[in-house]
Each structure stands twice: as structure tokens, then as C-alpha cells.
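Examination of the molecular architecture
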Amino acid sequence: MNEAFFAALLRYRWWVVLATLVVVAVIGSGIRLISFSNDYRMFFSPENPQLQAFESLQDTYTKNDNVLFVIAPKNGQVFTRETLATVEWLTKQAWQIPYSIRVDSISNFQHTSAEGDDLLVRDLVADAPQLGDADLEQARDVAVNEPLLVNRLISPDARVTGINVTIQLQEKKLTEVPDVAAFARNLVAQAEARDPNIDVHLTGMVIMNNAFPEASQKDMKTLYPLMFAFILVLLALMLKSTSATVATMLVIVTTIICTMGLTGWMGIQMSPPTTSVPVIVMTLAVADCVHILVIFLHGMRRGLGKQAAMIESLRINLTPVFLTSLTTAIGFLSLNFSDAPPFRDLGNMSAMGVMAAFFLSIWFLPALMMILPLRVKPVPEEHDGGMERFAEFVIRNRNRLFWVMAILIVGLVSQLPRNQLNDIFVEYFDDEVPFRADTEFATENLTGIYLIEYSLPAGADKKISDPEYLQQVEAFADWYRQQPGVLHVNVLTDIMKRLNKNMHGDDADWYRLPDDNELAAQYLLLYEFSLPFGLDLNNQINVAKTATRMTVTLDTISTESMLAMEARAKQWLQNNTPDHMHVDGASSAIMFAHIGHRNVRSMLKGTTIALLLISAILLVALRSLRIGLLSVIPNLVPIGMALGLWGMLVGQVGLALSVVAGVTIGIVVDDTVHFLSKYVRAQRERGLSPEDAVRYAFSTVGTALWVTSLVLVVGFGILALSAFELNAGMGLLTAITIGLALLADFLFLPPLLMKFGGIAHEGAPAVART
């Protein structure tokens, strides 16, 4: 583009504005096509090995997506007639929850006992209001001594009980999860109204799925208005021009419309991480506009006409604004290396928004400014006194600043190893989110929702009734019960031991595994025939009866602890069982535990490639190998410093923080590019020394840099207020990184340039035009 093109752009400003609005309207019509994902599986790509293992297990047995009602009597006694009546009522009502296929509670637990040669199978609690004290005590004694119930549906002290509803979603409508959650919440309200002496807590995987969109909707209601208000106030104070503020807000709105419209046309599904895109795009659009408007208003105050000032601003800013938009887009596109699809979508949507902001800021914004009324008081010799004084401070203390900043950088980067990977998906939500509060109550008082599951095959030509196989499964379950953090192990062998005792007259000495294959098979067949519809063993035994499912329920433990436990279990199987039983654990918790590790490795690769591309672009654009190489330092150190500071203050890195390097690598380049472009222009066009070039850079772009950085820091900092921890953590660490990047560009880059950044002049200095 050249000045003639810009002149034509401003001359036909009305046509430009109208054409832009038409294009924005067409692109924005794609918003109607946007849908929202509320399935935690969205964080895993189809080729993810842990997802494949999990889905294979669920295809073999009943799916374990669930809703868990945790009933806590205020008197601390579950086995009262009133509380058990509520449990019975809620158990029956839970069958009405949409897509429910199974309901398990202490009331409908299929208790077995012997009566002569017959096996009796009946509900543990029936018609609770009519039970006598002896009946209540007997039911309590059975429940707290039954391995299948304790720490699963009844607490060891019988103070809390649970009702677990297995849900099999059809996955045909987006309303399935909200419908289940709404129905369950209504049951909670009815139960608490029916019996004021109980509290009911609601958790489970379906409730977690529903918490994702609810957290996002809360963000949209609170964060977006807050960000808009902040930008409006900041622009009004900084630009001191109503027209410039209005024009910037219009660019922001049209940028968001284009971004979301393109999202709809491309079929990208919204998810909690991508709800932050409008805030990200908003802040980046402001940065482009501020750079153009500051030079534009500066030119008018020096006496230039409106059109001449805008052409001059576009001439000066076109290259750096384009470079910053390109490098920022590359940084976001590096998120395509992420193993989590929502973060790929976040990167692609943000990249589209960045480029939309670029075109609107150099096309739509100038035309708008020509149309809107503008009064600027000429100040021919205007100087930015604050920036000039700051530049003198930096120049005067260059050596001291160089070494202080170098020590600070090395010191913070050295703390980076203090970060440990820890990704607990319940903690993706703020403490105030009901799902998290209810889940933590359930974990502390009854059972957990972190599972490791195994499908253990009996081997070729063997059935699950084989005594040797049952002994191996029992030994594996016993090993798990001895591990720290294990709350419960649900395994078929507990049923087999109980059946063996029952078939020997309920003699406690026979509470052991049968040692005869035929006898074990007969016990199992007799038991299955006695079970009512909906409470069969399909959730534990495959159709061919050649494999059984073992489910390990864990307390809330760190990612590293869970992966270590899984590795120990795999080693135990290899050491103590035949080859066909050497299987991996599978569950949503295992999936989340592995995705953090996988994402760190993949994003390291993506960030490295992005850094190489950005560095190559800067080398070509700045036409100086020395300056290009020097630019790598302030571009690279902020993320290292931020992660080092994070290691000192927090020390835990999860899934969201693994993508921060990709998000910030392009953004932190922006300040460096703008500063270096002015520095290089001062040396090449004005023939200034490195010291005077630094003065020129601070005076022309210093204010815009700290204002845009402030916008970015607060914009991403506002994300830290999100109830969704993935957004909150990413926003906070990104804000810290951008703040440290400004510190490096203001206090480390200038001394670096004055030491090593001289440029050989080609011919006589050009006459300065700015």
C-alpha cells in the first residue's frame, strides 16, 4: 500500500464504511450457526489413546456418565425411618430423569441371603416408614459391612448416603445435558422440601458437563460488560477524543462480529475456553487502533490537516501494525499443536480475530475518523514530557539497568522448574460453583468421582467364573485397596464371595471365592436370574462373560500421584498376572491426567516453531540481522520470567497454562516490533545515534505501548475473574507475561540496543517526516 491508496481510501470514506458494514453483516450472519459443546470429552481429540481406551471400555459395559445425589441428614443418622423414606422416594423418582438407565442406592441394593437351599435376593430397605428398630439396625449393619456399598453409597459411619443414577445420553441434542441437570436439581428441591431435615448435594459427570456452559454463560454476563466499560473509560482518558473513542468501539464490535461469524461459518463449536475469544480479540483490536490514533491525533496537534495526519499515521504504522498482527496470529495458530481441540479452536478463532482487527483498523477506522466530527487544538511543539523524562532515565542508567534486568531475568527463569504438573478437573471450577462445592462435600464425606477402571479379560477359552482368574482379580483389587488415596474398589469378586457364603447357609467361614468353576458359574447364573430389571450385572460383566470391569474410586489426588498409581498398577499386573490381563486403566480422570503431559510436549514444539517463524519475519522486516537477533531476547524471556514467578507463587501448571506460551509469544512481540520499528526508522531516516534513536522511539511510541499493554494486562487479567479455572489461570499468567514483556521492552531492550544495536547508515540521512 502507498500514500495514493490511502488518499483514495479517505476520499471515498462513505463507500468504504458502507462496504465494510455490508461485509461485516454477511460474515456476521454465521453467528446463527454457532453451537456450544457441553461434554468434557471435547478436551480430547478422537485419536487420543486415553479417550479411545475409555470409549472402548464404555462400549463393552454400561456407560458410567452419572448423576450422584448425596443425602446428608442434619442429625447425622441415615438409618432412620424418615431419612430412609426420603431415600426410597428419591430412588424411585430418579428413574424419571431423562436418559437414566440405572439407579443404585442403599434402598434398592440387592441384598442376598440364604433360606434353606434357596437364594433370596431382595431390596435392602423396603417400605421404610413401617420398619421397626430391629429392622433399621439390621439394615445398617448390612450396609456398613458390605464392600459394594461402603465409601460408595454409604459412609462408614452411616452419616451420609448416596443415590447414583447412570445416564446414557443419546448425544443427538445439545439440550440433553441441561435437561438432565435441570430435572435432577428439581428433584433436589423436592427432596429438601419433603424432608427439611436433610441436605442434598448434587454431583457426577453429567453435572460436571453442565457446569461447563454455565460457567461460560456467567463469564459472558460479567466479564464482557466489565471489559467494555474498562476500555471505554481508558480510551476516553487516553485519547481525549469522543470521536476516536466511538470509532475504536465500533472497530471492536465489528471485529468481534467478524470473528464469531467466521467461527459459525467454519463449523467451530464453542466451548468454555473459546468463550474468552471476544475478550482477547477486544483487547488486541484496541491495541491496533490506539497506535494509529495516537500518531493521527499527534499529527493534528502539530498542525497537520485531518487527512494528512491520517495518511502520515498509516504510513508510519502500517508495517508495525501488520507485523504485530501477523506475529500475534502465528502465536495463536501455534495452539494447533495442542492435544486439546478447544485450545486449537481458541487459537484459530483468535488468529481470525487478530487479522480482522488489522484490516478494520487500517481500512474501517481511518474512514470513520474522516466522517466523524473532530476538534483538535494545535500544539506545534508538543512533547510527551513523561516519556522524554523516562527515556533520559533509561539512557542515563543504561549499564545499571542492563545488569539489574539481566540478573532479574536469570533469577526468575531459574525458578521455572519449581512448577509441577497438576490437573484436577474438579478444580477447573471456582469454589463458588455449586458443582465443585457439592463434589468436594461428596469426596470428603462419601465417595469420589475420580475413577480408574479396568476391563480384565479371563483369557482364551476361559470364563469369568474360572477360580484362578477370580483369585487374580481379587489379588489386584486387594493391592489397590492398600494404596493411599483409594476410597473404594468395585469388583465382581465381592459378589462371588457373598454368593458362596449364602449358598453355604450364610456361614461366615465360607465368605471366600468358590474354588470350583462349575459351582461359581451356577452361583452367578442363579444370582443374575434373581435380579430385577435395571439392576443386572451388565455394568460389570461383558456379554460373552469373558471379562469383568473393576472400578477404583479415588480421593482427590494430584495428577502426578494418579499417573504414578496407574504406573504401579500396570507394573503389578505385569508381575503377577498372565499376559492377557496386562491392560491399561481408563477413565475421564486418567484422560485429564495424561492430557496435561501430552499438551506440554506438543505445545513446546508448537511454540518453538512459532518463535522461529516470528524471528525470521522480524529479520526480513527490520532488514537487520543484528537487530533481528537482538529482538529474540525480549520476545523470549517474558514467558520464562512469568513461569518462573508462577513457580515461586503457585507452583502448579495444568492444561490451560500449557498453552500460555503459544498465546503470549505473538502478543509480547508487539511491543518489541513497535519500539524497534521506530528505533530503526530513527537511525535510517534521521541518521540518529543509538541513544537519540531510543529517545525518538520512546517519544513517538512509548505512550501507546504502555497504554496498549495496560489494556492487554487488564483484559487478560479480567479473565482471572472467570469462574472457569482454565480461563482464569490462562488469563492471569498471560497478563503477568505481558506485564513482564513491557518491563523488558522498556528497561532491558533500550540498554541492549545502545550496547549492540547500532545500524550502519546507507547514504545521507533522510529528511525526517515525523
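Summary of the structure given here. (Residues numbered from 1 in each chain as written. Predicted model: local features only at pLDDT ≥ 70, side-chain atom pairs only at ≥ 80, totals over all residues. Heavy atoms only, no water.)

Here the focus is the sheet that holds strand β6 (residues 198-203). The four strands lie next to each other as β2-β5-β1-β6, forming an open sheet whose pairing is antiparallel. Since the sheet does not close on itself, it has two edges, and those belong to β2 (100-104) and β6, each with one partner. Averaged over all pairs of adjacent strands, the angle between strand axes in this sheet comes to 20°, irrespective of strand direction. Two strands pair when backbone bridges link them, and strand β1 (residues 66-73) and β6 are joined in this way by six bridges, in the antiparallel orientation. Each bridged residue has a counterpart across the sheet, and for Ala72 the counterpart in β6 is Asp199. Against the sheet, helix α6 (residues 176-194) contacts β1, β5 (161-167) and β6, and its axis sits at roughly 170° relative to β6. On the sheet, helix α7 (residues 205-239) packs against β1, β5 and β6 and is oriented at approximately 105° with respect to β1. (Pairing = 2+ DSSP bridges. Helix = DSSP H or I, 4+ residues; strand = E, 2+ residues; numbered from the N terminus. Axes fitted to C-alpha atoms, helices over the stretch in contact; angles between N-to-C directions. Contact = heavy atoms within 4.5 Å.)

Attention now goes to the nonpolar core. Phe69 and Tyr480 are the most contacted members of the largest nonpolar core, which has 256 residues in total. A total of 17 residues in this core trace back to one element, the largest contributor, which is helix α11 (residues 341-371). (Core = buried A, V, L, I, M, F, W, Y, C linked by side-chain atoms within 4.5 Å. Buried < 20%, exposed > 50% of the residue type's maximum accessible area, 1.4 Å probe, protein only.)

Counting through the fold element by element, Ile167 comes out in strand β5. Separated by 69 residues in the primary sequence, Ile167 and Pro98 have C-alpha atoms spaced 8.0 Å apart. Residues within four places of Ile167 in sequence aside, it is in contact with Asp65, Asn66, Val67, Ile97, Pro98, Tyr99, Ser100, Val180 and Val206.

Here we come to the side chain of Thr493. Its location among the elements puts Thr493 in helix α16 (residues 492-502). Classification of Thr493 by relative accessible area gives buried; the value is 1%. Here Thr493 is in contact with Leu470, Val473, Glu474 and Leu513, once residues within four sequence places are set aside.

In spatial order, the strands read β8-β10-β9; together these three strands make up an open sheet with antiparallel pairing. The two strands at the open ends of the sheet, each matched to only one other strand, are β8 (450-457) and β9 (486-490). The average undirected angle you get between the axes of adjacent strands in this sheet is 20°. The pairing of β8 with strand β10 (residues 547-554) spans eight bridges and is antiparallel. Pairing of Leu456 across the sheet is with Thr548, part of β10.

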